[in-house]
Amino acid sequence: MQAPAAVADDVVISTLAGRLSAASAATSATIRGYDHAALGAWVNGNATDILYPLDAEHKAAAARQVPQPNDAAAAKSAAAATAFVDRKGPNPFAGLSREQLSAISNDDSGTFTINERRAAFTQAYDEEQAWRTQVVAQAMQEYNTTGKMTNFFKSVLAHFNTLPQLEQSQYPANYASDLEDKIKLDFNYFNHAAGNGGPTPGSLADLLKNQDKKGLDLFDLLIR
C-alpha cells in the first residue's frame, strides 16, 4: 500500500498509515475464506452501516464515536469527517487512493469512526460517478462514430482491474471475463455483425440503406 496523504494540515502521516495498516489487517482476518458472494454481502452490509439516516439521533451517535488509537491526529481526522457529514467542511479523505478509501470505509474494527468510513465511502463513490460520466460520453461518441463499443469495454475492464478487491466484489463474478468476451467479439451494433463485417439483414444499417426504396423514415424504423 502506498504512503497515504495527510487528511488535514496537522495530521501525522505515520499515524494514518498505522491506522490503515491496522484496519486492513483486521479486514483481512474477517474476510479470510470468503468466496465472491460472501465477500459481496459483507461489503453491502458495511455500506448499510455507513449510510445511516442523517437524522439528529443517528448523527449525534455517530459524532460520539472515537477512533482508535484516539490520539490528537486521529481525533482531528474524526472531527474533520464529522464536519464533512454535517456539510461544514470538505471531505478529509480527498486525495487518498481507492485502495486506501476502501480500507477505511470497510473497516468495522473500530480503528476508524463511522463518519470517517462514510467520508471515505462518499469520496470513492463520487470518484466512481465522475469516471462513469466521462467513460459513457466516450462510449456514445465511439458508438455514433463506429457502431462499436469495443474501446468502451476495454476502458471498463482496465478500470475494473484497478479497483480494490472489496469494490470488485460488488460486480458479478464473471464481470471481467464477460468484458473480455465482448472485446474479442468487437461487435458492430450498427451492422449487427462482429468485427468489420457488413450489415446483416435486419440490422439498422441495412434498414437505413433500404429506407428510400420503401419510403420509410427513421421513426418508421424505430417501431418495426
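A brief structural summary. Since we're looking at a predicted model, the values are computed, not measured.

### Concerning the nonpolar core
Reasoning step 1: If you look at the biggest cluster of nonpolar residues, it comprises 13 residues, and the most contacted ones within it are L20, F93, L96, L101, I104, F112 and A120.
Reasoning step 2: Of all the secondary structure elements, the ones that give two or more residues to this core are α1 (13–31), α5 (98–105) and α6 (114–146).
Reasoning step 3: Aside from chain neighbours lying at most four places away, what touches L101 is F93, L96, A120, Q123, A124 and E127.
Reasoning step 4: V135, A139, L157 and A176 belong to the second largest nonpolar core, which has twelve residues in total.

### Re the environment of A124
Reasoning step 1: Structurally, A124 is set in helix α6.
Reasoning step 2: Sequence spacing of A124 and S97 is 27 residues, and the spatial spacing of their C-alpha atoms is 8.7 Å.
Reasoning step 3: Each residue touching A124, except ones within four places of it in the same chain, is listed here: R98, L101 and E167.

### Looking at the packing of helix α2 (residues 36–50) against α6
Reasoning step 1: Between α2 and α6, the shortest axis-to-axis distance is 9 Å and the interhelical angle comes to 110°. The orientation of α2 relative to α6 falls into the category roughly perpendicular. Helix-helix and strand crossings are classified by hand; for α2 and α6 the assignment is left-handed. Together, N46, A47, D49 and I50 of α2 and I114, R117, R118 and F121 of α6 make up the contact between the two elements.
Reasoning step 2: A class-by-class count of the residues in the contact of α2 with α6 yields four nonpolar, one polar and three charged.

### Quick word on helix α9 (residues 175–185)
Reasoning step 1: Taken residue by residue, α9 has A176, L179 and I183 as its buried positions. Looking straight down α9, one finds its buried side chains confined to an arc of 65°; they lie on one side.
Reasoning step 2: Close packing links the buried residues of α9 with α7 (150–162).
Reasoning step 3: One or two steps after α9, the chain reaches D186, where phi turns positive at roughly 50°.

### Notes on the environment of G89
Reasoning step 1: Position of G89 among the secondary structure elements: in the loop between α4 (72–85) and α5.
Reasoning step 2: Sequence-distant contacts of G89, that is, excluding residues within four places in its chain, are made with A83 and F84.

### Structural notes on unusual backbone geometry
Reasoning step 1: A cis amide bond links Q68 to the next residue, P69, at an omega of -5°.
Reasoning step 2: By the element assignment, P69 lies in the loop between α3 (56–64) and α4.
Reasoning step 3: For R87, which is not glycine, the phi dihedral falls at a positive 60°.
Reasoning step 4: Position of R87 among the secondary structure elements: in the loop between α4 and α5.
Reasoning step 5: Take R87: its relative accessible area is 79%, and that puts it in the exposed class.
Reasoning step 6: Despite not being glycine, D186 shows a phi value in the positive range, around 50°.
Reasoning step 7: One can find D186 in the loop between α9 and β1 (187–188).

The rules behind these values
- Residues numbered from 1 in each chain as written.
- Predicted model: local features only at pLDDT ≥ 70, side-chain atom pairs only at ≥ 80, totals over all residues.
- Heavy atoms only, no water.
- Core = buried A, V, L, I, M, F, W, Y, C linked by side-chain atoms within 4.5 Å.
- Buried < 20%, exposed > 50% of the residue type's maximum accessible area, 1.4 Å probe, protein only.
- Helix = DSSP H or I, 4+ residues; strand = E, 2+ residues; numbered from the N terminus.
- Contact = heavy atoms within 4.5 Å.
- Axes fitted to C-alpha atoms, helices over the stretch in contact; angles between N-to-C directions.
- Parallel < 35°, antiparallel > 145°, perpendicular 65-115°, else oblique.
- Left-handed = near helix turned anticlockwise from the far one by under 90°.
- Nonpolar A, V, L, I, M, F, W, Y, C, P; charged D, E, K, R; others polar.
- Arc of directions from axis to C-beta.

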